[in-house]
Amino acid sequence: MKWNWFKCLDKSLRTKMLVMFVLLTVFPLVFIGFISYSKSSNIVAERAYSLAQIKTSQITREIDVLFQDIYRFNEIGKQQSTVQFLLREEVTNEDAREILSLFDFYKKSYLSGEHIFDIEIMDPDGKSISNKRGVYQRQLSMNDKKTYQSFAKNPNDSQMNITYQNGFPTLEITNAIVRDITEAVIGTLKITIDASSIISILDDTALTDSDNGSFYIVSPTHNLSFQQEDRLLVESAYLDIKKISNKEQGYFINNEIFYVYGTSKMTNWKVIGQAPIREIIKDSNEIRTLIVLTVFCSIIFIIGLYIFISNRLIHPIRLLKDKMKQAAQGNLEAKVDPVGEDEIATLGDSFNQMIVKIKSLLDLSIDEEKKLKAAEFRTMQAQINPHFLYNTLDTIIWLAEAKEHQSVIELTKALSQYSRISLNKGKDWITIADEIAHIDSYLYIQKTRYEDVLDVSVQVDSNIFNYHILKLLLQPIVENAIYHGIKNKRGKGFLRINGTIEGQDRIRFEVVDNGIGMDEIRLEKLRSHLINGEVIPETKNGFGLINVQQRIQLYYGKEYGLKINSWKGSGTRVTITIPKLGGNRENEKNISGR
């Protein structure tokens, strides 16, 4: 009954502490998040508005540069040859050639000349000369007459008209030609330019990353002149151009649509950009989302931190009692994780030290014996492989039934030599020559079984044949390469075994296959288990490798052993490094690969 009351009290106290903890931390976080969002949103919005203004100003500057260059062609109307053409009743070929040459000269002299389709001079009676048509007589239309009437009142004005030639938009710029002496209008100069050069200026600048925003140009008469290609004008309330006609530049927001505008000084055009306000302040919305996620994650973290701290303060004594009970029942793995530096933590440390000392006394007496037995057991496993023996005997039976007597003899000899060297009268050390002979026998048996899928190359320096080596170091590596690399590969497998002297006092072997290899995660896991001497729990692959690694480091030292490199789908390379031991050349054998 007391225990239940204590648990209820404990639960009630923890709930009150949790509520207080959340109130003291969540509200400040929400407040700080709100202030941060407001500040950052304003900064991002102002930055976006300024950037839009800069883009608009860039477009107006480029338009002004283009038209400033084009207006230089008005100097043609002041040339003596132009005035003589307009005043003379008859035009000679010499006069026509001079004016046409003048047209070509100006087009080549200015960069804007590449955008000009045609240049035309015309007098009030319709006598004309054109860059395309030459000299011709033109019948004046009503528009031509209105143009002359307009220039008679204000000869300094320029008239612009959008037309189409062969389906492509063009812009006709018409200016009056005035005689210096009488200041009378004696003709007009019309320059026809490719309107795509203006559209390209708009296309080169994007107001937003999406297609929802666009730039367009409005003429002084409030007519839409040009707009970006492949961009949709935002559907919005009617934009009253008159409200911004007296202002050179600026921006405003109307019905969730952002507008930015600027004025071309050369043409008095209004360059207007518009886009949904959500596209302009998209970064601000992302910041809002980030702040909300940050605050939410912080709240979750704070609650988890509270639970963690609460557990550390309330449960240590109860945990210590449970661990002591487990230790009293014989569980020497029971340990306390002390928190802090208080008396309970000190008591937990003392308990852990006591358990460690008791366990170390037990482990010390059996550790070496366990290692020795494990090494002997794994050596016996490496020496005797029932599946390999069964498969070899099955192959011999199959060859005998096929009446391939010579193959039966050779395979039986190989199995006999393989078994003889494996047993070696119980000795652990053999010469490298015997180890290579053992590998040759093993590979001969395997090549007989996998004749169509296995190629083998054994290249071992004969100078190392007389050095001694632990028995059965190479065979598990080769077996692992065949069964876990080449056997699972489609197509023909290749196995290469190299052996040579490295430096002054080492011997290095390499076993390379082109099997299925391993990915980086599995390779790192295998390397980790080689270091720790543990078999990979979820698979038996690598058992032979770990056995070899343990035996090498047990007999040779920690500085020797295996190094593994593998590439997924390409193969594996295992490098074995051992010291040079022995070397009596009287027992040297001339071993060649089968």
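Everything discussed here concerns the structure shown above.
A brief report on the enclosed structure follows. (Residues numbered from 1 in each chain as written. Predicted model: local features only at pLDDT ≥ 70, side-chain atom pairs only at ≥ 80, totals over all residues. Heavy atoms only, no water.)

1. A closer look at the overall build of the chain
- Regarding its fold elements, the chain presents 15 helices and 18 strands.
- Counting across all 594 residues of the chain, residues that qualify as buried make up 41%.
- Intrachain contacts of the chain at a sequence separation of at least 6 include 64% that bridge at least 24 residues. (Helix = DSSP H or I, 4+ residues; strand = E, 2+ residues; numbered from the N terminus. Buried < 20%, exposed > 50% of the residue type's maximum accessible area, 1.4 Å probe, protein only. Contact = heavy atoms within 4.5 Å.)

2. A short note on the sheet that holds strand β3 (residues 134-137)
- The strand order β3-β2-β1-β6-β5-β4 describes an open sheet built from 6 strands, whose pairing is antiparallel. Looking at the sheet topology across the chains shown, the edges are occupied by β3 and β4 (158-165). Across the sheet, the mean angle separating the axes of adjacent strands is 25° when strand polarity is ignored.
- Bridge count between strand β2 (residues 127-130) and β3: 4 bridges; the pairing is antiparallel. Its bridge partner lying in β3, isoleucine 129 is registered against valine 135.
- Contacts from helix α4 (residues 142-153) reach β1 (116-122), β4, β5 (168-178) and β6 (185-194), with the element oriented near 115° to β6. (Pairing = 2+ DSSP bridges. Axes fitted to C-alpha atoms, helices over the stretch in contact; angles between N-to-C directions.)

3. Quick notes on the packing of aromatic side chains
- A full pass over the atoms with the stated rule returns 10 aromatic pairs.
- Grouped by ring-pair contacts, the aromatic residues Phe73, Phe105, Tyr106 and Tyr110 constitute a single cluster.
- Just above the ring of phenylalanine 85 sits the side chain of lysine 127; from NZ or CZ to the centre is 4.9 Å. (Phe/Tyr/Trp six-rings, centres within 6.5 Å; stacked < 30°, edge-to-face > 60°. Lys NZ or Arg CZ within 6 Å of the ring centre and 35° of its normal.)

4. A look at the pairing of strand β15 (residues 493-502)
- Bridge analysis of strand β13 (residues 454-460) against β15 gives 7 bridges, and the strand direction is parallel. Directly across from valine 458, in β15, lies its bridge partner isoleucine 497.
- As paired strands, β15 and strand β16 (residues 506-513) are joined by 8 bridges and run antiparallel to one another. In the sheet register, leucine 495 faces β16, and the bridge partner there is aspartate 513.
- The loop that links β15 with its antiparallel partner β16 comprises 3 residues; one of these, glycine 503, has a positive phi angle of about 70°.

5. Observations regarding the pairing of strand β11 (residues 270-276)
- Burial analysis of β11 places 7 of its 7 residues in the buried class, the great majority of the element.
- One ladder, built from 7 bridges, connects strand β10 (residues 257-263) with β11; its direction is antiparallel. Within β11, the residue paired with tyrosine 259 across the bridge is glutamine 274.

6. Details of α4
- The first and last C-alpha atoms of α4 sit 17 Å apart over 12 residues, in line with the 16 Å expected at 1.5 Å per residue.
- Of the residues making up α4, those classed as buried are Asp144, Thr147, Tyr148 and Phe151. All buried residues of α4 lie within an arc of 95° about the axis, which places them on one face of the element. Opposite the buried face of α4, at more than 90 degrees from it, the exposed residues are Met142, Lys146, Gln149, Ala152 and Lys153.
- Looking at the buried side of α4, the elements it contacts are β1, β4, β5 and β6. (Expected span 1.5 Å × (residues − 1). Arc of directions from axis to C-beta.)

7. Here we look at the nonpolar core
- With 47 residues, the main nonpolar core has Phe67, Ile76, Ile121, Ile193, Ile198 and Phe226 as its most contacted residues.
- The biggest single contributor to this core is helix α1 (residues 2-70), with 9 residues.
- Those residues within four positions of phenylalanine 67 in sequence are excluded, and the remaining contacts are Met160, Leu171, Ile173, Ile193, Ile198, Met266, Thr267 and Trp269.
- With 44 residues, the next largest nonpolar core counts Ile430, Leu473, Tyr483 and Phe509 among its residues. (Core = buried A, V, L, I, M, F, W, Y, C linked by side-chain atoms within 4.5 Å.)

8. So, the sheet that holds strand β17 (residues 561-567)
- Across the sheet, 5 strands lie side by side as β13-β15-β16-β18-β17; this open sheet has mixed pairing. Pairing within the sheet leaves two strands with one partner each, and these edge strands are β13 and β17. The sheet shows a mean angle of 10° between the axes of neighbouring strands, direction not considered.
- Sheet analysis places β17 next to strand β18 (residues 571-579), joined by 7 bridges and oriented antiparallel. From the neighbouring strand, tryptophan 567 faces β18, where its bridge partner is glycine 571.
- Most of the contacts of helix α12 (residues 432-449) go to β13, to which it runs at about 170°, and overall it touches β13, β15 and β16.
- Sitting on the sheet, helix α13 (residues 475-486) touches β13, β15, β16, β17 and β18, and the angle it makes with β15 is about 150°.

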